Amino acid sequence: MNFVSTRGGTAPVSFAEAVALGLAPDGGLFVPAELPDLRPRLAEWEALDYPALAEAFLGLFADEGAEADFRRTVRESLARFGHPEVAPLVRLGEGVSVLELFHGPTLAFKDFALQWLGRLYAGQVEREGRELAVLGATSGDTGAAAIHGLLGLPGVSLFILYPDGRISPLQERQMACTGDPAVFPLAIEGSFDDAQAIVKEAFGDEAFRREVGLSAVNSINLARILAQCVYYLWAALRFPAGERGRIRFVVPTGNFGNVLAGWMVARMGVPVAGFTVATNQNDILDRFFRTGEYRIGGVAPSLAPSMDIQVASNFERFLYYAVGEDPVRVGAVMADFRASGRVELPGIAGEEWASRASDDRAIGDLLRAVDRRYGYTADPHTACGFAWEPRAGEETVYLATAHPAKFPAAMEEALGRVPIHPTLEALRERELVKYPVPAAIGAVQAFVRSHRSRPAG
Ligand SMILES: *Cc1c(COP(=O)(O)O)cnc(C)c1O
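Here's a quick rundown of the structure.

Criteria and cut-off values
- Residues numbered from 1 in each chain as written.
- Predicted model: local features only at pLDDT ≥ 70, side-chain atom pairs only at ≥ 80, totals over all residues.
- Heavy atoms only, no water.
- Helix = DSSP H or I, 4+ residues; strand = E, 2+ residues; numbered from the N terminus.
- Buried < 20%, exposed > 50% of the residue type's maximum accessible area, 1.4 Å probe, protein only.
- Contact = heavy atoms within 4.5 Å.
- Areas by Shrake-Rupley, 256 points an atom, 1.4 Å probe, with all protein chains shown as cover.
- Lys, Arg positive; Asp, Glu negative; His and termini not counted.
- Charge placed at Lys NZ, Arg CZ, Asp CG, Glu CD.
- Pairing = 2+ DSSP bridges.
- Axes fitted to C-alpha atoms, helices over the stretch in contact; angles between N-to-C directions.
- Near = heavy atom within 4 Å.
- Polar contact = N/O pair within 3.5 Å; in protein donor to acceptor, adjacent residues only side chain to side chain.
- Nonpolar A, V, L, I, M, F, W, Y, C, P; charged D, E, K, R; others polar.
- Phe/Tyr/Trp six-rings, centres within 6.5 Å; stacked < 30°, edge-to-face > 60°.
- Right-handed = clockwise from strand over helix to strand, strands pointing away.
- 1 Å grid on protein atoms, 1.4 Å probe; cavity = no way out; pocket = protein on both sides within 12 Å on 5 of 7 lines; lining within 4 Å.
- Points joined across faces, edges and corners; volume = space filled by probe spheres on them.
- Parallel < 35°, antiparallel > 145°, perpendicular 65-115°, else oblique.
- Left-handed = near helix turned anticlockwise from the far one by under 90°.

1. Considering the overall build of the protein
Looking only at helices and strands, the protein has 19 helices and 15 strands in total. By its C-alpha atoms, the protein is 60 × 55 × 50 Å across when sized along the principal axes. Across the 457 residues in the protein, those meeting the buried criterion constitute 57%. When contacts within the protein are restricted to residue pairs at least 6 apart in sequence, long-range pairs at least 24 apart make up 74% of them. In the form shown here, the protein has an accessible surface area of approximately 17,800 Å², with 50% of it arising from carbon and sulfur atoms. Looking at charge distribution, the protein has the averaged site of its 44 positive side-chain charges lying 1 Å from that of its 56 negative ones.

Now the structure itself:
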C-alpha cells in the first residue's frame, strides 16, 4: 500500500520509505492512501492469537514483494512480551475491563510500536548496506522503550539524550543498564527542552545527517500508529460480534498517538460506541474535546509524566480525517495554530468522543478508588482513565498503559505500598553505564561521530 502526507505536498511513498522518512518532506504526517475495510475479515480473525492477528492486520500495509520479511519483523517484535496473550483483556466487573498493554520489555505500551520500529530499521540497514545512528531525546518512557526496541540489532547504534538527574532512577536504569555496547544514554547537563533542542538541531544539519546515517525515534512515525491499531482490534474481537458496537475505549493520552490508532481501527469498519480521552493536568486535549478550541498551554510536571505534553503531535492525523481528508484545510489549520498557538474547530469531533482531565490530587484519589472498587492496582497514567465512569449499556475498556511498579514514589504516596516487577528488580543488580555530555550541539555531534560504528551483519 502507498502512503500520503496529511498536507498533500508529497508524492505517495511505499511503506519502507514512509518508515525511513518519519516526517513527510512537506512537513505533514504520513497516513495510508486509503484505509482497508476490515469487516469482511473479522469473522476469520476472531480465532487468531495475538501474533497471528498482528501479522494479518499489519500485512495489509506491506510493500509488494517484501511480505515475508515484513511478517517476520512483526512476529519478532512480539517475542519479548511476557504474557502469553501479549495484551490480556482483564475483566474487572460487569461491563468493565482493562486492556493491559504493559507486558513488553519496558513495561509500557510504547513497546508495541518500538519493538517493531527497531526491527524495521534493522531491515533497512540490511537492504541498504549502511549503518544507522538513531538519535532521540526523552523525559523517560520513550527513551527506555526505544533503547529496548533497538537492543542488539546489527548496524544500528542508538543515542538517547536525557536531562541528568531529572528522570526517575528506575527510568535511568532501564536505559543505562542494558549492557549493549551500541546503546548510549547521554546525560545532558540541562533540561529536557535543551535535549530536544539539540536533537532538532542535529536533524537540521543536513551534512551531519548524511555522514552518520541519522534516524529518529519519535511519536509520529507511521509504523508506531499501525502497531498500536492491533491491540484495539484484538480487544474488540474478544467480544461477540453483536456486542462490539457497545465498546468504549478509555485512553490515557499525551501525544494522541495511542487513541488515534483506536479511532483509525473504527474507521476501518470495527464498530465501537466511542473513545474517551483521559489527560492529566496538561489538558489541551480535554479542553479541545469539550470546547472545540485547540489551544497550547504551559506544561506542568505531574504524577503521570509520560502525558506531560501540551502539543499533541499526532493531532494532525486526526484533523486530516476529521476534515474529510482535505490536505489544503489541514495545512491551513496547522499554519494558523503555529502562528497563534490556538485554533477554533467547533463541531469537528463526532459524538463518539468524550474526555476527562485529572490533576495530581485526583490521580491519587483515583488510584485509591480503583484499588477499593475493583481490587486492581493501576499506574498513575492508567488512573487518569478511571475519571470516566462506565456508562450503562456500554462495555468500558480502560487501557492500562504502564505497569505500576515503574512509578514507586507515586504508588507509595497514594496506596502506601509499592508494587514490584521482576524485570525492574533485576536492574538493581546491573552496572549503570551513562555518558555525561554538555548540553551543546557540537559536543553531541562529536560523541555520535566517534561512537557510532557497530559492524553490520
Ligand atoms: C506515552 C504514554 C502515554 C501517552 O500516550 P500518547 O500516545 O502520547 O497519547 C500514556 N501512558 C504512558 C505510560 C505512556 O508512556
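2. A few points about the sheet that holds strand 7 (residues 183-188)
An order of 8-5-6-7-15 is seen for the five strands of this open sheet, with the pairing classed as parallel. Across the chains shown, the open sheet's two edge strands, defined by having one partner strand only, are strand 8 (214-216) and strand 15 (435-437). Taking each pair of neighbouring strands and ignoring which way they run, the sheet shows an average axis angle of 30°. Pairing of strand 5 (residues 132-137) with strand 6 (residues 156-163), which is carried by six bridges, proceeds in the parallel orientation. When the bridges of strand 6 are listed, G136 appears paired with I160. Most of the contacts of helix 6 (residues 141-150) go to strand 6, to which it runs at about 165°, and overall it touches strand 5, strand 6 and strand 7. Packing against the sheet, helix 19 (residues 441-451) makes contact with strand 5, strand 6, strand 7 and strand 15, and its axis sits at approximately 165° to strand 7.

3. Digging into the site of the ligand
Close to the ligand lie 15 residues, the nearest being K110, D141, G254, N255 and T401. Take F256: an N or O atom from its main chain is 3.1 Å from an oxygen atom of the ligand. Within the side chain of T401, a nitrogen or oxygen atom sits 2.9 Å from a nitrogen atom of the ligand. Protein burial of the ligand: of its 390 Å² of free accessible surface, 97% is covered by the chains. Split by residue class, the shell around the ligand holds five nonpolar, eight polar and two charged.

4. Here's the deal with the packing of aromatic side chains
Summed over the entire model, instances satisfying the criterion amount to 39 aromatic pairs. Residues Y294 and F315 carry aromatic rings whose centres are separated by 3.9 Å and whose planes lie at 5° to one another, so their mutual orientation is stacked. Of this pair, Y294 sits in strand 11 (residues 293-295) while F315 is found in helix 13 (residues 315-322), placing the two residues 21 residues apart along the sequence. Each member of the pair, Y294 as well as F315, is classed as buried.

5. Focus: the pairing of strand 9 (residues 247-252)
Taken across its six residues, strand 9 has six buried, putting it largely inside the fold. Burial of strand 9 is two-sided: the residues I247, F249 and V251 facing one way and the residues R248, V250 and P252 facing the other way are all buried. As paired elements, strand 9 and strand 14 (residues 395-400) share four bridges and run parallel to each other. Its bridge partner being in strand 14, I247 is matched across the sheet by E395. Note that strand 9 and strand 10 (residues 274-279) share five bridges and pair parallel. Opposite V251, over in strand 10, you have V277 as the bridge partner. Crossover strand 9 to strand 10 through helix 11 (residues 257-267) is right-handed.

6. So, the environment of F249
Here F249 is to be found in strand 9. Through-space distance from the C-alpha of F249 to that of S97 is 9.8 Å; in sequence the pair is 152 residues apart.

7. Notes on the environment of G204
By secondary structure assignment, the location of G204 is in helix 8 (residues 192-204). On the basis of relative accessibility, which here comes to 61%, the residue G204 falls in the exposed class. For the pair G204 and V31, spaced 173 residues apart in sequence, the C-alpha separation works out to 24 Å.

8. Here we look at the layout of surface pockets
What the second largest pocket holds in volume is close to 400 Å³. If you list the elements that add at least two residues to the lining of the second largest pocket, you get helix 1 (15-21), helix 4 (67-77) and helix 5 (110-128). For the lining of the second largest pocket, the element with the most residues is helix 5, which contributes seven residues. The residue makeup of the lining of the second largest pocket, split by class, is nine nonpolar, three polar and seven charged.

9. Digging into the packing of helix 15 (residues 360-374) against helix 17 (residues 408-415)
Remark: helix 15 packs on helix 17, axes separated minimally by 9 Å, with the N-to-C direction vectors making an angle of 70°. Taken together, the axes of helix 15 and helix 17 lie roughly perpendicular to each other. Judged by the sense of rotation from one axis to the other, the crossing of helix 15 with helix 17 is right-handed. Contact residues: helix 15 offers G364, L367, R368 and D371, while helix 17 offers M411, E413, A414 and L415. Residues of the contact of helix 15 with helix 17, tallied by class, amount to four nonpolar, one polar and three charged.

10. Considering the pairing of strand 7
Taking burial as the measure, the six residues of strand 7 include six buried ones, the bulk of the element. Covered by surrounding structure in strand 7 are V183, P185 and A187 together with F184, L186 and I188, the residues of both alternating faces. By the bridge criterion, six bridges tie strand 6 to strand 7 in an arrangement that is parallel. Residue Y162 lies in a different strand from strand 7, and its bridge partner there is A187. Once the chain exits strand 6 it traverses helix 7 (residues 169-176) before rejoining the sheet at strand 7, and the crossover so formed is right-handed. Inspection of the sheet shows strand 7 paired to strand 15 by three bridges, in the parallel sense. In the sheet register, I188 faces strand 15, and the bridge partner there is V437.

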